[in-house]
Amino acid sequence: MTTAAITVKDLVKSFGEPGHEHVVLNGLSFDVEHGTLTTIVGPSGSGKSTLLNVLSGLEPYKSGTVQIHSGERSTTDLGYVFQSPRLLPWLNIIDNIMFVRPKGVQEGTHRQRALQYLGMVGLKGVEQKFPHQLSGGMQQRAGLARGLAVEPEVLLMDEPFSHLDEITAEQMRTELLRIWQETRRTIIFITHDMQEAIQLGDRLLMLGYHGQIVEDIKIDLPRPRKFTDHAFVDFYADVVSRFHKMQSDRAEELAVN
Amino acid sequence: MGLATNASAAQARTDRTVQVTKRLRSLIFSYRWLALICVLVIWQVIALTSNIGVLPTPLKVVTAGWELVSTGLFFKELAASMVRILIGFGLGMLLGLIVGVLMGARRFWDAFFQDLVVLGLSLPGLIYALLCVMIFGLGLTAPVVAILLASYPFAAVNIREGVRAIDKELIDMARVYLVNRSRVIRQVILPSLLPFILAAVRVGFTVAWKVAVLTEVFGAATGIGYQLRYNFQLFSMRTMVAWALLFGAVMLVIEYGILVPAERYFARWRPKIKEVI
């Protein structure tokens, strides 16, 4: 029996004053199993980032339950890789990673981990450099190493490669998969790129316009997955057609109102 | 391993020596001296050609200045002024920091202090000097309060901007990782504020000096301001100019001995600035 790493039940999140609320997440429910890589896609404004912010505790929510790992939030529950690297510009790379040292982890231990994960993301030898001395891709790797070094139950990733050029992004995806297979962290990966979502995930959740999950798709394509494989192309076509269906439904709905 | 460390340490030492030599050379051959030489030449010419007889030649001023330094009077009076400045300026920075943080962080306090700070910025230092001497009389309180009142608004406006410029994305990052408050203050908030604090110190210190000297002119029996008034009453232009120049020299020492190195140290993580225009 596997326990869930994340349990979300009837989650409701809205912005604005009572009476003039804009409901973003409307009764969202899903479980995520330990060690899996789940990708979440959805049109812009569907609440992808809001969902991550709620999961990470940055945003309060109105009702429902969100449980990560055992329930009580602790420093080793979550790693978060943001869209931009969010490194402290005045600290060198190693100190940036030391900055998020979890409670109860000795400084020496965390330094060891930091070096280990810097090596894993291909940043060996730049520990003493300041962020501005690294390229955008390298900074993003450092952000990933920071998240991994916490050795979190769950790693949340919010479109982490969307600001990178395609060649670097593709390289990062391959490496992320390698790291995931090595570490077996539970990963939630948000993206607007359907191809990326299918290439990376075990499972794909599609958020709709009404703050609910409209598709929950198991991706059982063999790895490594190539864009040119027939199976991949077919799968991709299927997902995209479902996405378009959702969008045309939405257009009709708007036309009726 | 040990060998490599030694080699790199030696390399670092050589690099540092090269850097220092380079900096010294650029100082010695700097065009900045030209301005100084021009002033001296013009001064000498005017002193020699004018018939008013009031303006002393540079040499006479230097002699007078040397006398002040060699008898130790200069250091004694400098110390007296410095004590007042450091206390007043320190308190001013502290008050400015508190007011600035409140203004930057909370809309209520921003509105509350807005007009006080604007008034504080615009009133001439002379007013604080005169009022404080009238209220507190002779003693340490008058210059300290005058300096505090004159310098804190400069700190407050700078710090306010600094607080507003703190990157919220970095704060959120720290929140996600449950980084404790003291670490956030030390490693996120303070480093963000540092350039603004340095700017505040720079402006605040200049204001503090001016107000200190003004207060001493009216209400003290020691300090550089007192010496200026004393020599004014004696109509000793030579000594007055000597005091003014020594005062300027102290400011330059503070600028290049403390402020510039501090700025360079705190900005070491920044990319080198390129001249774009």
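For the structure itself, consult the block above.
The following paragraphs examine the structure supplied in this document. Model, not experiment: these values are computed from the prediction.

Looking at the overall build of chain A
- Along chain A, the regular secondary structure elements total 7 helices and 9 strands.
- For a compact globule of 257 residues, the expected C-alpha radius of gyration is about 18 Å, and chain A comes in at 19 Å, within 12% of that figure.
- In chain A, buried positions account for 37% of the 257 residues.
- For chain A, the share of sequence-separated contacts (at least 6 apart) that also reach a separation of at least 24 residues comes to 70%.

A word on the overall build of chain B
- Check the secondary structure of chain B and you find 11 helices and 0 strands.
- Listing each helix as α and each strand as β along chain B from the N terminus yields α-α-α-α-α-α-α-α-α-α-α.
- In terms of C-alpha radius of gyration, chain B reaches 24 Å, well past the compact-globule figure of 19 Å for 277 residues.
- Scored against the burial criterion, the 277 residues of chain B give a buried share of 30%.

Things to note about the sheet that holds strand 2 (residues 22-33) of chain A
Residues and elements named next belong to chain A.
- Across the sheet, which stays open at both edges, the 3 strands sit in the order 2-1-4 with antiparallel pairing between neighbours. This sheet does not close on itself; its edge strands, each paired only once, are strand 2 and strand 4 (63-68). Across the sheet, the mean angle from the axis of one strand to that of its neighbour is 15 degrees, orientation sign disregarded.
- Here strand 1 (residues 4-15) pairs with strand 2 via 9 bridges, running antiparallel.

Focus on the packing of helix 3 (residues 107-120) of chain A against helix 4 (residues 136-149) of chain A
All names here are of chain A.
- Where helix 3 contacts helix 4, the two axes come as close as 9 Å, and the packing angle between them is 135 degrees. In terms of orientation, helix 3 and helix 4 fall into the oblique class. Seen along the crossing, helix 3 lies across helix 4 with a hand that is right-handed. Here His110, Arg113, Ala114, Tyr117 and Leu118 of helix 3 come into contact with helix 4, specifically with Ala145, Leu148 and Ala149.
- Class assignment for the residues of the contact of helix 3 with helix 4 results in 6 nonpolar, 1 polar and 1 charged.

Some details on unusual backbone geometry
All names here are of chain A.
- Between Arg223 and Pro224 the backbone carries a cis peptide bond, its omega angle lying at -5 degrees.
- Within the secondary structure, Pro224 sits in the loop between strand 9 (213-218) and helix 7 (230-256).
- Unlike most non-glycine residues, Arg184 shows phi in positive territory, near 55 degrees.
- Considering the arrangement of structural elements, one finds Arg184 in the loop between helix 5 (166-183) and strand 7 (186-190).
- The exposure class of Arg184 is exposed, given the 12 C-beta atoms found within 10 Å.

Considerations on the interface of chain A and chain B
- Taken together, the contact between chain A and chain B spans 16 residues of the former and 14 residues of the latter.
- Taken together, the residues of the side of chain A that touches chain B break down into 12 nonpolar, 3 polar and 1 charged.

As for the nonpolar core
- Ala145, Val154, Leu156, Met157, Ile188 and Leu204 of chain A are the most contacted members of the largest nonpolar core, which has 64 residues in total.
- With 5 residues, helix 4 of chain A is the largest single contributor of residues to this core.
- The contacts of Met157 of chain A, once residues within four sequence positions are left out, are Val81, Ile187, Ile188, Phe189 and Ile190 of chain A.
- Judged by nonpolar contacts, the second largest core, of 46 residues, contains Ala64, Leu148, Trp209 and Leu214 of chain B.

A word on the environment of Phe161 of chain A
Residues and elements named next belong to chain A.
- Looking at the secondary structure, you find Phe161 in the loop between strand 6 (154-158) and helix 5.
- We classify Phe161 as buried; it has 25 C-beta atoms within 10 Å.
- Sequence separation between Phe161 and Phe82 is 79 residues; the distance between their C-alpha atoms is 9.2 Å.
- Discounting residues that sit within four places of it in the chain, Phe161 has contacts with Ala169, Met172 and Arg173.

Digging into the environment of Val203 of chain B
Residue and element names in this part refer to chain B.
- Turning to its location among the elements, Val203 is positioned in helix 9 (residues 181-219).
- Given 16 C-beta atoms within a 10 Å radius, Val203 is considered partly exposed.
- When the C-alpha positions of Val203 and Phe154 are compared, they lie 6.8 Å apart, and in sequence the two are 49 residues distant.

Section: the sheet that holds strand 9 of chain A
All names here are of chain A.
- The mixed open sheet is built from 6 strands, whose spatial order is 5-6-7-3-8-9. The open sheet is flanked by strand 5 (78-81) and strand 9, the only strands paired with a single partner. In this sheet, adjacent strand axes meet at a mean angle of 15 degrees when their direction is disregarded.
- Here strand 3 (residues 37-41) pairs with strand 7 via 4 bridges, running parallel. Residue pairing in the sheet places Thr38 in a bridge with Ile188 of strand 7.
- Set on the sheet, helix 1 (residues 48-55) makes contact with strand 3, strand 6, strand 7 and strand 8 (203-207); between it and strand 6 the angle comes to about 150 degrees.

Quick word on the packing of helix 3 (residues 58-70) of chain B against helix 11 (residues 237-266) of chain B
All names here are of chain B.
- At a minimum axis separation of 8 Å, helix 3 and helix 11 run at an interaxial angle of 70 degrees. Put simply, helix 3 runs roughly perpendicular to helix 11. In the packing of helix 3 onto helix 11, the handedness of the crossing is right-handed. Residues Lys60, Val61, Ala64, Gly65 and Leu68 of helix 3 form the contact with helix 11, whose own contacting residues are Arg238, Thr239, Val241, Ala242, Leu245 and Leu246.
- The residue inventory of the contact of helix 3 with helix 11, partitioned by class, reads 7 nonpolar, 2 polar and 2 charged.

Details of the environment of Arg229 of chain B
All names here are of chain B.
- Here Arg229 lies in helix 10 (residues 224-233).
- On the basis of neighbour count, Arg229 is assigned to the partly exposed category, with 16 C-beta atoms found within 10 Å.
- Distance from Arg229 to Glu77, taken between C-alpha atoms, is 13 Å for residues 152 residues apart in sequence.

Describing the pairing of strand 1 of chain A
Residue and element names in this part refer to chain A.
- Hairpin connection between strand 1 and strand 2: a loop of 6 residues separates the two successive antiparallel strands, and Gly16 in this loop has a positive phi of roughly 95 degrees.
- By the bridge criterion, 5 bridges tie strand 1 to strand 4 in an arrangement that is antiparallel. If you follow Val8 over to strand 4, its bridge partner there is Val66.

Criteria and thresholds
- Residues numbered from 1 in each chain as written.
- Chains lettered and ligands numbered in written order.
- Predicted model: local features only at pLDDT ≥ 70, side-chain atom pairs only at ≥ 80, totals over all residues.
- Helix = DSSP H or I, 4+ residues; strand = E, 2+ residues; numbered from the N terminus.
- Rg over C-alpha atoms; globule rule 2.2 N^0.38 Å.
- Buried ≥ 20, exposed ≤ 12 C-beta atoms within 10 Å, placed from the backbone.
- Contact = placed C-beta atoms within 7 Å.
- Pairing = 2+ DSSP bridges.
- Axes fitted to C-alpha atoms, helices over the stretch in contact; angles between N-to-C directions.
- Parallel < 35°, antiparallel > 145°, perpendicular 65-115°, else oblique.
- Left-handed = near helix turned anticlockwise from the far one by under 90°.
- Nonpolar A, V, L, I, M, F, W, Y, C, P; charged D, E, K, R; others polar.
- Core = buried A, V, L, I, M, F, W, Y, C linked by C-beta atoms within 7 Å.

Shape is all these values report; function is a separate question.
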